[in-house]
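The primary structure of each chain is shown beneath.
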Amino acid sequence: MGNVQMTGMASGMDWDEIIGQLMELEAKPIERYEERIEETEELQSAYSDLAGRAGSLQSRVSDLADPDNFDPLDTSVSDENVLDATIVDEDQATPGTHEVFVEELAETASVQSGSFLQDKKMYSADDGTTTRSDFLVGGDGSLNTATDYLDELRYEVETTGEGEEDIMVRQDTDEGTVGVSIDLDSIETFDELMEIVNNPEIGHEHDAVLEYDGAGEDRAEMEDPDNWSMQLQYHSDNDRFTLHAAESSSTHEGGRTFEIADNSNDGFFQRIGFNSDSTIHEYSDTQSDYGASLLSLDSRAPLAETATGVPIDESGEIQINNTTVEWDDQDSLSDVISRMNTEVEGVNVAYNEATDRVTLEADEPGAGEIEVDDVSGNLANVLHLREEGEESYPQSAGEFEEGSDAEATINGDTVTASGNTIEFNGLELDLQELHTSEAHAPDNPVEVEVFQDEDEVVEMVGEFVNQYNSVVEFINQRSEVDVPEEPGADEEERDTGVFVGESTPRNLRTQMATMITGRYADATGSEGGIEAMADVGITQVDPMTASDEDRGKLEFNAAEFRDAFQDNPDAVQDLFTADEAAGDEQDGVMTRLDNYLEGMTDSRDGILAEHDDGFNQRIDNLQDRIERQIQHVESRQQTLERQFIHMESMMADLNAQQDSLAQHGM
């Protein structure tokens, strides 16, 4: 609509108001179209909700139309520590009890190398000078922090800084940023280094520098020693260092941010695995990660530089089972292991840093072994993956374990499997521990019972009844008309449900009720027995006492159903699942209801889907009418504005002529 002001100067009339009133009349159809769109969208939403509920009902009906679901089986095991039992094929499994002894568990073939550092230790010469070894620290399981020398850590730690500080530790405190820089030339043992890091005030005794705010300000002591909370610790149980800020100290709860750096390459923090280079590394709050194990090989270093105790050849081929893997002495241990895992099928290879051993393990348990041999070169021998006595090198031999199959005695028959899962008569037995016939008297087996689980059927029927009632209640609530209590009250005061006047929801409710309450003697083949849902405890709510909301709902007596199912399970199954297409005399209740609901809920051409398409078309048509009416109103307004402007112009001319005649006395 335009915003032109049309107040008449010549006529004295407020044309803008007049046009506005006329346009309101012209726009009335738009309001009616919008109201109809809102009503259609509300009805469409209700149908969409109904389709969802009916779809959920159809899913439950489909389950109850499947004969397989009326013969559910379950298992129980007398000793679940020995084995678990699961039904994997109900067509093969039959009710009964099976007696089981677990004679052998399946084992996985494996090879574990000897320790690379066995019986190798650092030592110092009689004159007190350090004797450098090509081996890592330890050998007896852990570092002696009081006597083992710092410069023997992981081949070599650069401690010749020529008067410069080699490492730095810095953290935030209440006094600002405090750091200690340490010259490793003046330190021999690990204990001395840990004492300085943990208490930098004693650092001046070892030429360490205590700095504030990173400005190089040297102080002998801190104002409050509790401000420093760093802890460098060695853990002999796993041969590793940890470095962290205390979890709480002074006013800093929860730890602090701290930084460490090796000021020279190949420094202390790099060698124990916290740093990868000489740059500063920052940690937020506490740093609880372990550094590298001191007893382990450096798995990332070239094999030629790795302390394995046996000189390695320049190159060669190692064979694992029937696969050959190439290597050379510039490969790292990690490179070779990665290549093995890529090229060798059925075997997983790994290096365990904590135990300093290489392990090979078959993917699956079962009989067999892993064979390792040097085709050329000596990698298998260097990695201690040879059988004892095969080579003359004085190192530990590998530990070879053959894989084995699982074996069980089931009802007196021997059954074997490559893994600890055995399939038998539709059952899957998961073996967990031994229970042998030799160790236990023959009359003390583990009993596996297979039985019909009627609880599952009862649960399915209960879920069906609940979903059926959800659909009926939804239709009932939206089909109500509340009549005003006062006689002669305005019709608009009535609260009319969105489904009032809609035949599809009403037909859905009626058709379902007809199928549920019908008789199905031909389906069950019984006379005077189970012929209706009422015979198995499923009845409609009494219409004489039911509320409008509950009218048409079902009631389910689980005890009556259970009794009927126990007395005559075949007749109950036929009542639900009989199918003419399968040769039965007529369809059962759920078969018939399933076919009907499928026609209602099919997402492509079901009746409810067709309604949704119709609603969309109706809304599109109303939107088109609104667009056309808006165009008509705008065109009509422009026409009226032109007409009124022309009228004002003519009246202005007439007024001017009249004034002119009056001035000339005419």
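These figures come from a predicted structure and were not determined experimentally.

### Quick word on the side chain of E259
One can find E259 in strand β15 (residues 258–262). Engagement of the side chain of E259 in a polar contact is seen with the side chain of R170, the distance being 2.7 Å. Excluding residues within four positions of it along the chain, E259 makes contact with M168, V169, R170, I280, H281 and E282.

### Some details on a positive patch on the surface
A surface patch of positive charge is lined by R36, R618, R625 and R628. Counting residues per element, the positive patch draws most heavily on helix α12 (residues 607–663), which supplies 3 residues. Along the chain, R36 falls in helix α1 (residues 15–64). For R36, a relative accessible area of 39% gives the class partly exposed.

### Let's talk about the packing of aromatic side chains
In this description, a pair of aromatic rings is defined by centroid distance and the angle of the planes. Using the criterion set out here, one finds 9 aromatic pairs in the structure. Between the aromatic rings of F70 and F576, the centroid separation amounts to 5.2 Å while the plane-to-plane angle is 45°, which identifies the pairing as tilted. In this pair, F70 sits in the loop between α1 and β1 (73–77) while F576 sits in helix α10 (residues 569–577), placing the two residues 506 residues apart along the sequence. Residues F70 and F576 agree in their burial class; the two are buried. Ring centres of F474 and F499 lie 6.0 Å apart, and the angle between their planes is 75°; this geometry places the pair in the edge-to-face category. Here the residue F474 occupies a position in helix α6 (residues 454–477), and F499 occupies one in the loop between β29 (495–496) and α7 (503–517), the gap between them amounting to 25 residues.

### Observations regarding the sheet that holds strand β3 (residues 96–104)
Spatial ordering of the open sheet is given by β1-β27-β3-β23-β24, a layout of 5 strands whose pairing is antiparallel. Edge positions in the open sheet fall to β1 and β24 (413–417), since each of these has one partner strand only. On average, adjacent strands in this sheet sit at an angle of 30° to one another, irrespective of strand direction. As defined by bridge partners, β3 adjoins strand β23 (residues 406–410) across 4 bridges and the pair is classed as antiparallel. Counted as the bridge partner of E104 is E407 from β23.

### Some details on the nonpolar core
One broad rule of soluble globular proteins: the nonpolar side chains tend to lie buried together. Grouped together as the largest cluster of nonpolar side chains are 50 residues, with contacts concentrated most on F464, M512, F576 and M590. Of all the elements in the fold, those that place two or more residues in this core are α1, α6, α7, α9 (558–567), α10, α11 (589–601) and α12. With 11 residues, α6 is the largest single contributor of residues to this core. Of all hydrophobic cores here, the second largest spans 30 residues; its members include I182, V197, Y234 and F269.

### Considerations on the confidence of the model for the protein
A residue-level look at the protein finds 80% of positions with pLDDT of 70 or above and a mean pLDDT of 79. When mean pLDDT is compared element by element in the protein, strand β18 (residues 323–328) scores highest at 96, while strand β6 (residues 130–131) scores lowest at 36. Scored below 50 in pLDDT, residues 248–252 shows 15 contacts in the model against residues more than four places distant or in partner chains.

### Things to note about a negative patch on the surface
On the surface, D63, D68, D71, D74, E90, D91, E456, E459, E463 and D570 cluster together into a patch of negative charge. Per element, the largest residue contribution to the negative patch is 3 residues, and it comes from α6. Tracing the backbone through its elements, the reader meets D71 in the loop between α1 and β1.

### Quick look at the pattern of salt bridges
Inspection of the entire model under this criterion finds 9 salt bridges. R170 is the salt-bridge partner of E259, the closest N and O atoms lying 2.7 Å from each other. On the criterion of sequence distance, the pair formed by E259 in strand β15 and R170 in strand β7 (residues 167–173) is long-range, its members being 89 residues apart. In this structure, the salt-bridge partner of D331 is R339, at a minimum N-O distance of 3.1 Å. Residue classification places D331 among the buried positions, given a relative accessible area of 10%.

### Considering the pairing of strand β8 (residues 176–182)
The element β8 is extensively covered by neighbouring structure, given that 5 of its 7 residues are classed as buried. Of the pairings in the sheet, the one linking β7 to β8 comprises 7 bridges and is antiparallel in character. Among the inter-strand pairings, T173 is bridged to a residue of β8, identified as G176. Taken together, β7 and the strand that follows it, β8, pair antiparallel across an intervening segment of 2 residues. As judged from the 4 bridges shared by β8 and strand β9 (residues 209–212), these two strands associate in the antiparallel manner. Within β9, the residue paired with S181 across the bridge is V209.

### Considering unusual backbone geometry
Despite not being glycine, H384 has its phi angle at roughly 60°, a positive value. Mapped onto the fold, H384 is located in the loop between α5 (379–382) and β22 (399–401). When its relative accessible area of 3% is taken as the criterion, H384 is described as buried. We note that N411 has phi near 55°; this positive angle belongs to a residue other than glycine.

### Quick notes on the environment of V415
Here V415 lies in strand β24. On the accessibility criterion, V415 (18% relative accessible area) is buried. Sequence spacing of V415 and V102 is 313 residues, and the spatial spacing of their C-alpha atoms is 9.8 Å. When near neighbours in sequence (up to four residues on either side) are disregarded, V415 contacts A406, E407, A408, I410 and I422.

### Side note on the environment of P569
You can see P569 is positioned in helix α10. The sequence separation of P569 and F70 amounts to 499 residues, and the corresponding C-alpha distance is 8.1 Å.

### Quick notes on the packing of α7 against α11
The relative placement of two packed helices is expressed as an angle between their axes plus a distance between the axes. Interhelical geometry of α7 versus α11 gives an angle of 165° and a closest axis separation of 9 Å. One way to sum up the angle between α7 and α11 is to call them roughly antiparallel. Here α7 and α11 pass one another in a crossing that is right-handed. Residues T504, N507, L508, Q511, M512, M515 and I516 of α7 lie in contact with α11, whose contacting residues are V589, R592, L593, Y596, L597 and M600.

### Examining the sheet that holds strand β26 (residues 427–431)
Taken together, the 3 strands give an open sheet; going across it, the order is β2-β26-β25, and neighbouring strands pair in antiparallel fashion. Two strands in the sheet have a free side with no partner beyond their single neighbour: β2 (83–87) and β25 (421–424). Within the sheet, the average angular offset between the axes of one strand and its neighbour, ignoring direction, is 20°. Two strands pair when backbone bridges link them, and β25 and β26 are joined in this way by 4 bridges, in the antiparallel orientation. Residue pairing in the sheet places I422 in a bridge with L429 of β26.

### What about the packing of α11 against α12?
Viewed as axis vectors pointing N to C, α11 and α12 meet at an angle of 15°, and their least axial separation amounts to 4 Å. On the basis of the axis angle, α11 is roughly parallel to α12. Contacts from G599, M600 and T601 of α11 reach α12 at I607, L608 and A609.

So, how was this worked out
- Residues numbered from 1 in each chain as written.
- Predicted model: local features only at pLDDT ≥ 70, side-chain atom pairs only at ≥ 80, totals over all residues.
- Heavy atoms only, no water.
- Helix = DSSP H or I, 4+ residues; strand = E, 2+ residues; numbered from the N terminus.
- Polar contact = N/O pair within 3.5 Å; in protein donor to acceptor, adjacent residues only side chain to side chain.
- Contact = heavy atoms within 4.5 Å.
- Patch = residues over 30% accessible without salt bridge, like charges linked within 9 Å, V, L, I, M, F, W, Y side chains within 5 Å.
- Areas by Shrake-Rupley, 256 points an atom, 1.4 Å probe, with all protein chains shown as cover.
- Salt bridge = Lys/Arg side-chain N within 4 Å of Asp/Glu carboxyl O.
- Lys, Arg positive; Asp, Glu negative; His and termini not counted.
- Charge placed at Lys NZ, Arg CZ, Asp CG, Glu CD.
- Buried < 20%, exposed > 50% of the residue type's maximum accessible area, 1.4 Å probe, protein only.
- Phe/Tyr/Trp six-rings, centres within 6.5 Å; stacked < 30°, edge-to-face > 60°.
- Pairing = 2+ DSSP bridges.
- Axes fitted to C-alpha atoms, helices over the stretch in contact; angles between N-to-C directions.
- Core = buried A, V, L, I, M, F, W, Y, C linked by side-chain atoms within 4.5 Å.
- pLDDT = per-residue confidence, 0-100.
- Parallel < 35°, antiparallel > 145°, perpendicular 65-115°, else oblique.
- Left-handed = near helix turned anticlockwise from the far one by under 90°.

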